[in-house]
Amino acid sequence: MNIVQLTPGTGSFHCGTCLRDHAVVKAMRVMGHSTLMVPLYLPFVTDGEGAGADSEIFYGGVNVYLEQKFSLFRHTPRWMDRFFNSKWVLKLASKMAGSTDSKMLGPLTISMLKGEEGRQAKELEKLIDWLRTQPKPDVVCLSNGLLVGMARRLKEVFQVPVVCLLQGEDAFLNAMGRWTDEAWETAAQRSQDVDAFIAVSRYYGDLMGRRLRIAPKRMHVVHNGISLEGFSPAAAPVEHPTIGFFARMIPGKGLHLVVDAFIALKKKGEIANLKLKVGGARTDADEKYVKEQQAKIAKAGFAAETSWVFNVTFEEKVEFLRGVTLLSVPTIYGESFGLYLLESLAAGVPVVQPRSGAFPELVEATGGGVLCEPNDARALAAAMEPLLIDREQAGILGERGRQAVIRDFNIQGMARRVLAVYESARLATPSVISE
């Protein structure tokens, strides 16, 4: 099968969706499928060796912004567009990517969702012109629901099904202030052009099915999977009981709740030598929030028991996970999945998560963790405490979760299930059947 995968890059930090797409593409290639990985907006940032980029960047972030703000740039020649798509310009732009405020992006997002009717129509035609030079695809996959504006023209030109993955769009759209309702409505209208959707959890499939008015027959659920290469448990339990947080360091991921729970447990004094390790992506925009959390810990007198690592390599991430007793990323919104849970369990580390979003579904499926009330640092501390005291039980949960990831959440299984959706979409597309 010839597959075109359209995936946005972040330019400067790791993104779970991008990591997932790269892993799936690599797995499909091993299975013998031809898959073009096409970057959008900014360059890819991946763990280890990603699937790579099979083209220049389309919908370059600078061009997209300029076309939104100034009508002149909707008609500039392509040589000028290539200048704004040059590596050094995009590298400069990527430094500001982490500071993107969804409220400021409302009009731009709506325009992008309108596809050929939006202000970035020229970018869509450039992508289509390049795809015409490649082998004809059997299916085009959009990495997320914010790209559905492309579907109508892609189907019109190539007469193939368009499939869209769904993960985390709701939090972005819900944060647009006065633009939120229009953005959701535009996304719902343009979603009717997509042949099939793949949600990463039952929770998220149900939510997006309602919000985008997607008929049940077009909604499929395929849990994320990860490549198990490089993941393994520590040879022995860590010397001191250690709480771990590993995700982007933003309020939405609940780092402040982990910090508050750690401080509460330290003050309680029943866990000797308790440590906290914080790791993950940090952009310039996250700096203020991170410093606030560090200041809170220092004021409580526990800075010496805390360590921080930022924007680490894959190898450093694995080493980080091997050095914690449990992992907690207590998001304050309904998380669509949480790839960090699979990575933690793959390293034999149990998770402590809020009873919200997809977490109950994943903890039940893996048996590798415990749940607590959401947005409650005291409840989080109470859920962590037994595992930090009884580290043998923590090890049992971690190993149970690890076996579940190996069995049910590996990237090869995910790729096979995604390919099955692609095939069913092809069979249901009249133009494909007529061929």
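In the block above lies the structure referred to throughout.
In what follows, the accompanying structure is described. One numbering rule holds for all chains: residues counted from 1, following each sequence as written. Whole-chain, interface and lining totals are the exception, using all residues; otherwise, since this is a predicted model, local features are given only for residues with pLDDT of at least 70 and side-chain atom pairs are given and counted only at 80 or more. In computing side-chain values, all of the structure's heavy atoms are included and hydrogens and water are not.

### Considerations on the packing of helix α6 (residues 121–131) against helix α7 (residues 151–158)
Thought 1: Every axis corresponds to a line fitted to the C-alpha atoms, with the helix fit spanning only the stretch in contact, and the corresponding angles, defined between N-to-C directions, vary from 0 to 180 degrees. Counting from the N terminus, the helices are the DSSP runs of H or I reaching at least four residues and the strands are the DSSP runs of E reaching at least two. Look at α6 against α7: their axes get within 11 Å of each other, and the N-to-C directions meet at 30°. Classified by the angle between their axes, α6 and α7 sit roughly parallel to one another. Here α6 runs over α7; the crossing is right-handed. Note on element contacts: α7 touches α6 through Arg 153, Leu 154, Val 157 and Phe 158, opposite Leu 124, Glu 125, Ile 128 and Leu 131. Oblique is the label for any angle not under 35 degrees, not over 145, and not in the 65 to 115 range, which are roughly parallel, roughly antiparallel and roughly perpendicular in turn. Each crossing gets its hand from how the near helix is turned against the far one by less than a right angle, where anticlockwise is left-handed and clockwise is right-handed. When checking whether two residues touch, look at their non-hydrogen atoms; a contact exists if any pair is within 4.5 Å.

### Thoughts on the sheet that holds strand β5 (residues 196–199)
Thought 1: For two strands to count as paired, DSSP must find a minimum of two bridges between them. Pairing in this open sheet of six strands is parallel, and the strands run β2-β1-β3-β4-β5-β6 from one edge to the other. Of all strands in the sheet, those bounded by a partner on one side alone are β2 (34–40) and β6 (219–221). Along the sheet, successive strands turn relative to each other by an average axial angle of 25°, direction set aside.
Thought 2: Of the strand pairs in this sheet, β5 and β6 are connected by three bridges, and their pairing is parallel. Of the residues in β6, the one forming a bridge with Phe 197 is Met 219.

### With respect to the packing of aromatic side chains
Thought 1: Ring pairs shown here join Phe, Tyr and Trp side chains whose ring centres sit within 6.5 Å, with only the six-membered ring taken for Trp; geometry is labelled stacked below 30 degrees between planes, edge-to-face above 60, and tilted in between. As enumerated under the stated definition, the model contains seven aromatic pairs in all.
Thought 2: Pairing Phe 58 with Trp 130 gives two aromatic rings, centres 5.7 Å apart and planes at 45°, and the pair type is tilted. Within this pair, whereas Phe 58 is found in the loop between β2 and α2 (61–69), its partner Trp 130 is found in helix α6, the two being separated by 72 residues in sequence. An identical accessibility class is assigned to Phe 58 and Trp 130; each is buried.
Thought 3: Stacked on the ring of Trp 184, the Lys or Arg Arg 211 has its end atom at 3.9 Å from the ring centre.
Thought 4: Both a distance and an angle decide whether a charge sits over a ring: NZ of Lys or CZ of Arg must be within 6 Å of the ring centre and within 35 degrees of the ring normal. Residue placement shows Lys 277 over the ring face of Phe 320; its charged tip is 4.9 Å from the ring centre. Accessible area is worked out with a 1.4 Å probe on protein chains only. A residue is then buried under 20% of its type maximum, exposed over 50%, and partly exposed in between.

### Describing the side chain of Gln 120
Thought 1: With respect to the element layout, Gln 120 can be found in the loop between α5 (106–113) and α6.
Thought 2: You can call Gln 120 buried: its relative accessible area is 2%.
Thought 3: Excluding residues that lie within four positions of it along the chain, Gln 120 makes contacts with Tyr 59, Val 64, Glu 67, Gln 68, Leu 108, Ser 111 and Met 112.

### Structural notes on helix α14 (residues 339–346)
Thought 1: Within α14, eight of the eight residues are buried, leaving the element largely enclosed by the surrounding structure.
Thought 2: For α14, every residue scored as buried is listed here: Leu 339, Tyr 340, Leu 341, Leu 342, Glu 343, Ser 344, Leu 345 and Ala 346.
Thought 3: Just beyond α14, the residue with positive phi is Gly 348, at close to 80°.

### Comments concerning the pairing of strand β4 (residues 162–166)
Thought 1: Within β4, five of the five residues are buried, which leaves the element mostly enclosed by the surrounding structure.
Thought 2: The sheet contact formed by strand β3 (residues 139–142) and β4 spans three bridges and is parallel. Within β4, the position partnered with Val 140 by the bridge is Val 162.
Thought 3: A crossover counts as right-handed when, viewed with the strands pointing away from the observer, the path leading from the first strand over the helix to the second turns clockwise. One crossover worth recording links β3 to the parallel β4 by way of α7, and it is right-handed.
Thought 4: Both β4 and β5 contribute to a ladder of four bridges, which runs parallel. Within β5, the residue paired with Cys 164 across the bridge is Phe 197.

### Description of α7
Thought 1: All buried positions along α7 are accounted for by Ala 151, Arg 153, Leu 154 and Phe 158.
Thought 2: Close packing links the buried residues of α7 with β1 (2–8), α6, β3 and β4.

### Remarks on the pattern of salt bridges
Thought 1: For salt bridges, the criterion is a side-chain nitrogen of Lys or Arg within 4 Å of an Asp or Glu carboxyl oxygen. Across all of its chains, the model carries 27 salt bridges by this definition.
Thought 2: A salt bridge links Glu 123 to Lys 126; the nearest nitrogen and oxygen atoms lie 3.0 Å apart. Note that Glu 123 and Lys 126 are positioned in helix α6 at a spacing of three residues, about one turn of the helix. Across this residue pair, the class does not change: Glu 123 and Lys 126 are buried.

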